[in-house]
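Coordinate analysis (summary)
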Amino acid sequence: TVFGLHEQHVYFEGAAAVITLVLLGKLLEARAKARTSAAIESLIRLRPKVARIERAGHWVDVPVDALMPGDVFLVRPGESVPVDGVVEEGDSSVDEAMLTGESMPVGKRAGDQVFAATSNGSGSLRCRATGVGEATLLAGIIRMVGEAQGSKAPVQRLADRISSIFVPAVCAIALLTFLLWWWLGGDFAAALVNSVAVLVIACPCALGLATPTAIMVGTGQGAQAGILVRNAEALERAEKITVLALDKTGTLTQGRPRLTDLFALVGDERQALRLAAALEQHSEHPLARAVLAAWQEQVGAAATGHELPAVSQFNAITGQGVEAWVDDQQFRLGAPDWLGQAEAPQVLALQGQGKTVIVLARIEAAGVVVPLAYLAVADTLRASSRAAVQRLQQRGIKVVMLTGDNAATAAVIAREAGIEDFRAGILPAGKAAAINALKTAGSVVAMVGDGINDAPALAAADVSFAIGAGSDAAIEAADLTLIRSDLMGVADAISLSAATLGKIRQNLFFAFIYNVVGIPLAALGYLNPVFAGAAMALSSVSVVTSSLMLRRWRPGQ
């Protein structure tokens, strides 16, 4: 080479150009990944390194990693919350935009949850830690996004199968190109160059990048909007949903019912409420919280001399109510049909107003039920539920409400939400059966829920959504978790799925078209390796750039 003994071009600059362009494509791919995880990294940076906790009546600063569940910590104005916790004292507003995508600060007072890395406003909050280290919501988001970005969608597996055929086919075309050029033209150098050009132009980089880059950007955008995707397969299936089944309490409604009416059939109303609160004090059901809140409201949270009576042999009957013994007598509190009061005039009248009725009863010898009081609880529809249902229906999705509540109450809520099809009085196992029945009709069925009783139905659905404020069991069973307790997040998740899958199809189309056009040109000698390398790198760059366009997606689209 130094003395110019070669009679043909050696393409040294071609080798350098090909390597440079391939590395450029890799660099752009790495930048795409970095930009996708930028929001997650900013969350990590927001988490404070030091927390102010209470020790022996004094406030001391300790590293956040030293906090344990149960520790009491103080969040001063303008500080970030160090770990997940529950507010014990104080009144403030917290900016949760980095977690939920919601721009408006959320008011916090005693009993409300706070989350690590969110920013406190102008008030001070005294909180008790409930989740530290890997148990915080922030750590869960980071973990779930990482797993989703590393997973493969079914369409990616299709691309992998095509590549497994594509690569040997291209090698055969390159070999055939070499043999034909050498045999027909007798020029070994030209035959070699053209065959190499075929190999370079056909490098399936764009094909390999088409799906994962779109998945990375899509899941990153979802995380910023408060939509956590468990895996890429769930994101792909969400676009195909034709039927959406959803729970009523906590999903369509606020999930914070309040006691509106109490009719005592025996004794006075105060005595009935005290007994009902005693029975519900060991239950986590929203209706139980409503009864307990009404009792505390009546006597005052700090009042003395109003202690609830002790209960024994407490038992919660799923979908029916609770039973326990108080002062050597057996009592039940639950659904009217469970206690034989479904046709009582007062019960029917309250249900006709869209209220949920529970019956307090004493169980006499031989199982005789003596009703003592009727309690009516109302739960209002979320402000966004009707608009979310309309948005889903506009996408051609049929919305079905499944609830364990009575038919009269369910009908009122369904009418307010704009839902025509609803199933009432369904137990947890019945919800799963209803999902399976919808699936047998050939529909792609999704389920939205928030409680432990929704877990079987969530597991049975093709795609499952858990409301973020729901139980751990519901979140574990779901494919997608909505950090905001808002049904509009389901519509956003389906929109994100459609946008991501559309981008994947677009990427795959252009990757295939590029090879279909490029390989014949290289085989016919119209492309030398340098131009082939440039075209190959350009295709990778175009795919990555196309995927980055997903960053324009916004909730509500």
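See the structure shown above.
Let me begin by describing the structure that accompanies this report.

Glancing now at the overall build of the protein chain. Within the protein chain, the secondary structure is distributed over 19 helices and 22 strands. Scored against the burial criterion, the 557 residues of the protein chain give a buried share of 48%. If you take every contact in the protein chain between residues at least 6 apart in sequence, the share linking residues at least 24 apart comes to 67%. Accessible surface computed for the protein chain: about 25700 Å², of which carbon and sulfur atoms make up 59%.

A few words now on the environment of Val400. As for its placement among the helices and strands, Val400 is situated in strand β18 (residues 398-402). Classification of Val400 by relative accessible area gives buried; the value is 0%. For the pair Val400 and Val243, spaced 157 residues apart in sequence, the C-alpha separation works out to 7.3 Å. In this structure, Val400 is in contact with Val243, Leu244, Ala245, Leu246, Asp421 and Arg423, ignoring residues within four places of it in sequence.

Right, let's get into the sheet that holds strand β5 (residues 92-95). On the basis of which strands lie adjacent, the open sheet formed by three strands has the order β6-β5-β8 and antiparallel pairing. Edge positions in the sheet fall to β6 (106-108) and β8 (119-120), since each has one partner strand and no second. Here β5 pairs with β6 via three bridges, running antiparallel. Looking at the pairing, Val94 lines up with Val106 of β6.

The tally for this structure, following the rule as stated, stands at 17 salt bridges. A salt bridge links Arg126 to Glu54, with the shortest nitrogen-to-oxygen separation between them at 2.8 Å. A residue pair is termed long-range when its members are at least 10 positions apart, and Arg126 in strand β9 (residues 125-131) and Glu54 in strand β1 (residues 50-55) qualify at 72 residues. Its salt-bridge partner being Asp421, residue Arg423 comes within 3.2 Å of it at the nearest N-O pair. Overall, the relative accessible area of 29% leaves Arg423 in the partly exposed class. Salt bridges here are not isolated pairs; linked through shared partners, they connect Glu54, Glu88, Arg126 and Arg128.

Quick look at the packing of helix α6 (residues 188-201) against helix α19 (residues 529-548) now. Between α6 and α19, the least distance of the axes is 8 Å, while the angle of their chain directions is 5 degrees. The orientation of α6 relative to α19 falls into the category roughly parallel. Contact residues: Val193, Val196, Ala197, Val200 and Ile201 in α6; Pro529, Ala532, Gly533, Ala535 and Met536 in α19. In terms of residue class, the contact of α6 with α19 is made up of nine nonpolar, one polar and no charged.

This part takes up the sheet that holds strand β14 (residues 321-326). Taken together, six strands build an open sheet; the order of strands is β12-β17-β16-β15-β14-β13 and the sheet is antiparallel. Only two strands of the sheet have a single neighbouring strand rather than two, namely β12 (258-264) and β13 (312-317). The sheet shows a mean angle of 20 degrees between the axes of neighbouring strands, taken without regard to direction. In the sheet, strand β15 (residues 329-334) pairs with strand β16 (residues 356-363) via five bridges, with the strands oriented antiparallel. Directly across from Arg332, in β16, lies its bridge partner Ala361.

Okay, the side chain of Arg382 next. With respect to the helices and strands, Arg382 occurs in the loop between β17 (369-378) and α13 (385-394). For Arg382, a relative accessible area of 11% puts it in the buried group. A distance of 3.3 Å separates a polar atom in the side chain of Arg382 from the backbone oxygen of Thr251. Discounting chain neighbours no more than four positions away, the residues touching Arg382 are Gly250, Thr251, Leu252, Thr253, Gln254 and Ser485.

With that settled, the discussion passes to unusual backbone geometry. Here Gln313, not a glycine, exhibits a phi torsion of approximately 55 degrees, which is positive. Positionally, Gln313 belongs in strand β13. On the accessibility criterion, Gln313 (61% relative accessible area) is exposed. The residue Ala366 is not glycine, and still its phi comes out positive at about 65 degrees. Topologically, Ala366 is positioned in the loop between β16 and β17. Among the residues examined, Ala366 registers a relative accessible area of 84% and is labelled exposed.

Our next topic: the nonpolar core. Within the largest apolar cluster, 52 residues are counted, with the highest numbers of intra-cluster contacts made by Leu244, Leu246, Leu252, Ile419, Phe465 and Val490. The leading source of residues in this core is helix α18 (residues 488-523), at nine residues. Look past the residues within four positions of Leu244 in its chain and what remains in contact with it is Leu392, Ile397, Lys398, Val399, Val400, Ala446, Met447, Val448, Phe465 and Val490. Ranked by size, the runner-up nonpolar core spans 27 residues in total, among them Ala276, Ala277, Val311 and Leu372.

A few words on the packing of aromatic side chains. For the structure on display, the rule yields four aromatic pairs. Judged by centre distance (5.5 Å) and plane angle (85 degrees), the ring pair of Phe178 and Phe188 falls under edge-to-face. Of this pair, Phe178 sits in helix α5 (residues 154-185) while Phe188 sits in helix α6, and the two are ten residues apart along the sequence. A relative accessible area of 43% places Phe188 in the partly exposed class.

For α18, with 36 residues, the first-to-last C-alpha span of 53 Å sits near the 52 Å given by 1.5 Å per residue. Of the residues flanking the end of α18, it is Gly525, one or two places downstream, whose phi is positive at about 90 degrees.

By the alternation rule, side chains of β5 split into Ser92 and Val94, which are all buried, and Ser93 and Asp95, of which none is buried. With two bridges joining them, β5 and β8 adopt antiparallel strand pairing. In the strand pairing of β8, Asp95 is matched with Ser119.

What follows covers a nonpolar patch on the surface. A cluster of nonpolar side chains, namely Phe509, Phe510, Ile513, Val516, Val517, Leu521, Leu524 and Tyr526, defines an oily patch on the protein surface of about 840 Å² accessible area. Take Val516: it is sitting in helix α18. What makes Val516 exposed here is its relative accessible area of 56%.

Reading the values: rules and limits
- Residues numbered from 1 in each chain as written.
- Predicted model: local features only at pLDDT ≥ 70, side-chain atom pairs only at ≥ 80, totals over all residues.
- Heavy atoms only, no water.
- Helix = DSSP H or I, 4+ residues; strand = E, 2+ residues; numbered from the N terminus.
- Buried < 20%, exposed > 50% of the residue type's maximum accessible area, 1.4 Å probe, protein only.
- Contact = heavy atoms within 4.5 Å.
- Areas by Shrake-Rupley, 256 points an atom, 1.4 Å probe, with all protein chains shown as cover.
- Pairing = 2+ DSSP bridges.
- Salt bridge = Lys/Arg side-chain N within 4 Å of Asp/Glu carboxyl O.
- Axes fitted to C-alpha atoms, helices over the stretch in contact; angles between N-to-C directions.
- Parallel < 35°, antiparallel > 145°, perpendicular 65-115°, else oblique.
- Nonpolar A, V, L, I, M, F, W, Y, C, P; charged D, E, K, R; others polar.
- Polar contact = N/O pair within 3.5 Å; in protein donor to acceptor, adjacent residues only side chain to side chain.
- Core = buried A, V, L, I, M, F, W, Y, C linked by side-chain atoms within 4.5 Å.
- Phe/Tyr/Trp six-rings, centres within 6.5 Å; stacked < 30°, edge-to-face > 60°.
- Expected span 1.5 Å × (residues − 1).
- Patch = residues over 30% accessible without salt bridge, like charges linked within 9 Å, V, L, I, M, F, W, Y side chains within 5 Å.

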